[in-house]
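Residue strings, one per chain:
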Amino acid sequence: VLGTRVFVDDRPETITKRERVGDLEADFIVSGKTGTGYLLTAADRRLRYGFIRKIVPVTIATVEQAFLDIQRVFPELQSVTLDNDLLFRYHERLGCLLGVPIYFCEPYASWQKGTIENYNKHVRKYIPKGADISQYSDEYLRFVESRLNSRFMSVIGYRTPAEYLAECRMQDKQKAAHWAGGCSD
């Protein structure tokens, strides 16, 4: 299965350089020894806009459903970069479901997806290591997601990820209106 994976070194340059919206990095936060469930976290490489979805029960189907839910609220999705977790062994099916390419970090090179590693560091302020993920309500996870998407970040020009996403969506609407109006530039 490892042989069918496309690694980050073979991603298009536009993803590596964070030139477009829609290129996500994703990871899991796992429950402590006495808990159950995972969190699927995903963050856009350019916008730093993040998503948190609870994975209970921990199955490939639940992971796929969580990604489909993220795509529903983030139709800009263009690619996903993952680590080599066992739950991604059917990555080709996930790529087909989402209609986007899937890329992988080299084994034991989580630094190759630094955006999501940084995002997870901030998630851990609200959901500490060792916590039982199954005990967190969807409402609380939405609160954490909203909180993280509302923090000002110097790396995106002292905007919040939510502001940056709204800005990009507005620009896309304006471009679409421009072209729909018969402009030929």
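Refer to the preceding data block for the structure.
Quick caveat: nothing in here was measured; it's all calculated off a predicted structure.

Novice: Tell me what's going on with the side chain of Thr115, and back it up with residues and numbers.
Specialist: As for its position among the elements, Thr115 is in helix H4 (residues 114-123). With relative accessibility at 7%, the residue Thr115 sits in the buried group. A polar contact of 2.8 Å, which involves the side chain of Thr115, links it to the side chain of Arg18. Excluding residues that lie within four positions of it along the chain, Thr115 makes contacts with Arg18, Glu25, Ala43, Asp44, Arg45 and Arg48.

Novice: Can you explain H4? Please cite residues and give values.
Specialist: Buried within H4 we find Thr115, Ile116, Tyr119, Asn120, His122 and Val123. Projection of H4 onto a plane perpendicular to its axis shows the buried side chains occupying an angular sector of 155°, all on one side. The elements touched by buried residues of H4 are strand E1 (23-30), strand E2 (38-44), strand E3 (50-55) and helix H5 (138-149).

Novice: Explain the nonpolar core to me, and be specific about the residues and the numbers.
Specialist: The biggest cluster of nonpolar side chains holds 33 residues, and the ones touching the most others in it are Phe28, Leu40, Leu47, Phe67, Phe74, Val80 and Leu82. For this core, the secondary-structure elements that each account for two or more residues are E1, E2, E3, helix H2 (60-73), strand E4 (79-82), helix H3 (91-98), strand E5 (102-104) and helix H6 (161-180). Here this core gets five residues from one element, more than from any other, and that element is H2. When near neighbours in sequence (up to four residues on either side) are disregarded, Phe28 contacts Tyr38, Leu39, Leu40, Ile55, Val63, Asp85, Leu87, Phe88 and Asn120. Membership of the second largest hydrophobic core comes to 14 residues, among which are Leu39, Ala43, Ile116 and Leu141.

The rules behind the values
- Residues numbered from 1 in each chain as written.
- Predicted model: local features only at pLDDT ≥ 70, side-chain atom pairs only at ≥ 80, totals over all residues.
- Heavy atoms only, no water.
- Helix = DSSP H or I, 4+ residues; strand = E, 2+ residues; numbered from the N terminus.
- Buried < 20%, exposed > 50% of the residue type's maximum accessible area, 1.4 Å probe, protein only.
- Polar contact = N/O pair within 3.5 Å; in protein donor to acceptor, adjacent residues only side chain to side chain.
- Contact = heavy atoms within 4.5 Å.
- Arc of directions from axis to C-beta.
- Core = buried A, V, L, I, M, F, W, Y, C linked by side-chain atoms within 4.5 Å.

In short, the description is geometric, and any link to function would need to be established separately.
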